[in-house]
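Observations on chain architecture
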Amino acid sequence: MPQSSDSARQTGVSRKTDELASALLGDALDLLASGEAFEALLAVQDAAGVAASYEFVDDGPEACLEGARDRVRSLARAQGDKDAHLGAPVRYALVYEGAVEDEEQGAFVDALLLEFGERGYAAYSAFSLIGGQGMGDGFSWTDPAPAGEMEPLL
C-alpha cells in the first residue's frame, strides 16, 4: 500500500497506538531496572490487534536502531509476518537507550527514547530520563516527555 503524503496525515495519537507504545515502554523500563541490556525493542500491531515483538542485538546501537526501522518498513511491504501471525502492520512502537541534553546542566543525561506511529498519522518521539539501571527498586525514570515528530515508517 503506498504511503500517504505527510500533508494528508492526521495529527495526534490513537488510543491503540498509545497503548502499544506504553506497553513497550513499560517492558523496556522493567528490563533496565533488572539490568538486562538491549539495543532496540520493536512492537508492531495489525488491524486485528495482533502484536509481534522484535529485539535487535548483536550490533552497534545505530545499526540496531536502523534495523528496527527497516523491519517496520519490510513488514509493511510484506503485508505482515506469517511466522508471528501478524497481518499488515498499522501501528508500531520502537524503544532504545540514548541520551538527551539537559539544558540546565549543559550535559547529556541517560534516557529511554521512544518512537511510535500509525498508518495515516504523523509519527512522534518521546523520552524518559533514567538512572540506576540494574538497581531494581533503585532504578528511576521520569514520565515520558514529547520529543517531536519523526519520519513515519508506515
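Right, let's walk through the structure included here. (Residues numbered from 1 in each chain as written. Predicted model: local features only at pLDDT ≥ 70, side-chain atom pairs only at ≥ 80, totals over all residues. Heavy atoms only, no water.)

Here we take up the overall build of the protein. In terms of helices and strands, the protein carries 2 helices and 7 strands. For the protein, the N- to C-terminal ordering of α and β elements is α-β-β-α-β-β-β-β-β. A compact globule built from 154 residues would reach a C-alpha radius of gyration of about 15 Å, and the protein, at 16 Å, matches this within 12%. A burial count over the protein gives 42% of its 154 residues as buried. Long-range pairs, those at least 24 residues apart, make up 55% of the contacts in the protein with a sequence separation of at least 6. For the protein, the accessible area works out to roughly 8400 Å², and carbon and sulfur atoms hold 49% of it. (Helix = DSSP H or I, 4+ residues; strand = E, 2+ residues; numbered from the N terminus. Rg over C-alpha atoms; globule rule 2.2 N^0.38 Å. Buried < 20%, exposed > 50% of the residue type's maximum accessible area, 1.4 Å probe, protein only. Contact = heavy atoms within 4.5 Å. Areas by Shrake-Rupley, 256 points an atom, 1.4 Å probe, with all protein chains shown as cover.)

In this structure, L42, V44, Y54 and Y92 are the most contacted members of the largest nonpolar core, which totals 23 residues. Elements with a minimum of two residues in this core: strand 1 (40-46), strand 2 (51-56), helix 2 (61-78), strand 3 (89-102) and strand 4 (107-118). It is helix 2 that provides the largest number of residues to this core, a total of 6 residues. Core analysis: the next-biggest nonpolar cluster, separate from the first, contains 21 residues, A21, L25, F38 and L114 among them. (Core = buried A, V, L, I, M, F, W, Y, C linked by side-chain atoms within 4.5 Å.)

Let's shift gears to the pattern of salt bridges. Throughout the structure, instances matching the rule amount to 6 salt bridges. Its salt-bridge partner being R15, residue E19 comes within 2.8 Å of it at the nearest N-O pair. Taken together, the residues span about one helical turn, with E19 and R15 both in helix 1 (residues 15-34) at a distance of 4 residues. E19 gets classed as partly exposed once you look at its relative accessible area, which sits at 42%. Residue R15 is classed as exposed on the basis of its relative accessible area, which comes to 55%. One salt bridge connects R73 with D70, and the closest N-O pair in it is separated by 3.0 Å. Taken together, the residues span about one helical turn, with R73 and D70 both in helix 2 at a distance of 3 residues. Taken together, the salt bridges that share partners define one network made up of E66, R69, D70, R73 and E115. (Salt bridge = Lys/Arg side-chain N within 4 Å of Asp/Glu carboxyl O.)

The terminal C-alpha atoms of helix 1, which comprises 20 residues, lie 29 Å apart, in line with the 28 Å expected from a rise of 1.5 Å per residue. Taken residue by residue, helix 1 has T17, L20, A21, L24, L25, A28, L29, L32 and A33 as its buried positions. In the core, the buried residues of helix 1 are packed alongside strand 1, strand 2, strand 3, strand 4, strand 5 (123-131) and strand 6 (140-141). The first or second residue beyond helix 1 is G35, which carries a positive phi of 85°. (Expected span 1.5 Å × (residues − 1).)

Let us now look at the packing of aromatic side chains. Here a ring pair, both rings aromatic, is described through the centre-centre distance and the interplanar angle of the planes. Applying the stated criterion to the full structure yields 2 aromatic pairs. Plain terms: the ring middles of F116 and Y124 are 6.2 Å apart, the flat faces sit at 40° to each other, and that makes the pair tilted. The exposure class assigned to F116 is buried, which follows from its relative accessible area of 12%. Look at F139 and W141: their rings are 5.7 Å apart centre to centre, the planes differ by 25°, and that puts the pair in the stacked class. Relative accessible area serves as the criterion here: at 6%, F139 is assigned to the buried category. (Phe/Tyr/Trp six-rings, centres within 6.5 Å; stacked < 30°, edge-to-face > 60°.)

Note that every value here comes from positions in space, so none of it alone points to a role or purpose.
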